[in-house]
Amino acid sequence: MATSNSQSQQGTTVPDREVAKHAFAAELNEATYTFKTAQNERAPVYVALPTGERANRVCVMGTVTDVEDVGTDDQEYFRVRIVDPTGTFWVYAGQYQHEALKRLKKIEPPEFLTVIGKPRTYKTDDGTINVSLVPEDVGIVDVRTRDIWVFETARRTLERIGSARETSPKVAALAREQYGHDGSYFAHVAALALQNLLDGDESSSSDGEETIEERLEEAEAKDDDVDGEEPEQETLIED
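Residues numbered from 1 in each chain as written. Predicted model: local features only at pLDDT ≥ 70, side-chain atom pairs only at ≥ 80, totals over all residues. Heavy atoms only, no water.

Draft legend 1. Broad picture of the packing of aromatic side chains. Summed over all chains, the structure comprises four aromatic pairs. With 5.7 Å between their ring centres and 25° between their planes, tyrosine 77 and tyrosine 92 make a pair best called stacked. Linking tyrosine 77 in the loop between strand E7 (57-69) and strand E8 (78-84) with tyrosine 92 in strand E9 (residues 87-93), this pair joins segments that are 15 residues apart in sequence. For tyrosine 92, a relative accessible area of 15% corresponds to the buried category. Consider the rings of tyrosine 185 and phenylalanine 186, whose centres lie 5.0 Å apart with planes at 70°: the pair is edge-to-face. (Phe/Tyr/Trp six-rings, centres within 6.5 Å; stacked < 30°, edge-to-face > 60°. Helix = DSSP H or I, 4+ residues; strand = E, 2+ residues; numbered from the N terminus. Buried < 20%, exposed > 50% of the residue type's maximum accessible area, 1.4 Å probe, protein only.)

Spelled out as structure tokens, the structure:
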């Protein structure tokens, strides 16, 4: 998982990893525009989230519905279909994601899975740009953890919508230009995700708003497990 501060090991500074942004499938699937903030070949690649912030890493969670080896006889390459309350996203893992691949091979749908990984875009034969995830870390979770993630992701989505123009104005302007809207639509997506969760969970609906707040507080307490330091804004370079 990401560290929250740079660490020094035998005199060597280990830089922080990028923040793992919580994102619903509906938003991630629309995040088709990529860019860099530096010219060098190894500079990190970001996607512009429609809600106005950049993401090099994301934290997603949902129900695994399908696991398939789409590789060759000589090389395994697993494709995993995961569904959250807003849609479907795809995870691909091969020889360079060795640890994640080992875990994904043991998944038996339906199970709740959390994935921290890097979003990547690819173009299909008909010219459509799709988004998938290259996993860094994966793990099976229980329904309560999944519920907490939904509440937390809804909260963070709303925060991005409300603050992105001030906290990341360049990316917010770029997102509006590329996607043709300001991302406010995803406030409705977040609300529908919460409603879907409450409708399907009798214990949540009977406990009411107080339980929602308690779950959000619990989710916030777990942030250190996935988040690093937020990097400063830099010049945007189209990938």
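On we go from here.
Draft legend 2. Structural detail: the packing of helix H3 (residues 143-167) against helix H4 (residues 169-179). The interhelical angle for the contact between H3 and H4, taken along N-to-C directions, is 115°, at an axis separation of 6 Å. For the pair H3 and H4, contact is made by Ala164, Arg165, Glu166 and Thr167 and by Pro169, Ala172 and Arg176, respectively. A class-by-class count of the residues in the contact of H3 with H4 yields three nonpolar, one polar and three charged. (Axes fitted to C-alpha atoms, helices over the stretch in contact; angles between N-to-C directions. Contact = heavy atoms within 4.5 Å. Nonpolar A, V, L, I, M, F, W, Y, C, P; charged D, E, K, R; others polar.)

Draft legend 3. Fine view of the environment of glutamine 75. Relative to the helices and strands, glutamine 75 resides in the loop between E7 and E8. When its relative accessible area of 39% is taken as the criterion, glutamine 75 is described as partly exposed. Counting along the chain gives 20 residues from glutamine 75 to glutamine 95, while the straight-line C-alpha distance between them is 7.6 Å.

Draft legend 4. A look at H4. What H4 keeps buried is the set Val171, Ala172, Leu174, Ala175 and Tyr179. Down the axis of H4, the sector holding all buried residues measures 160°, keeping them to one side. Buried residues along H4 sit in contact with strand E4 (34-36), strand E5 (45-48), strand E6 (54-55) and H3. Directly beyond the C-terminal end of H4, a positive phi value near 80° is found at glycine 180. (Arc of directions from axis to C-beta.)

Shape descriptors only; they carry no functional weight alone.
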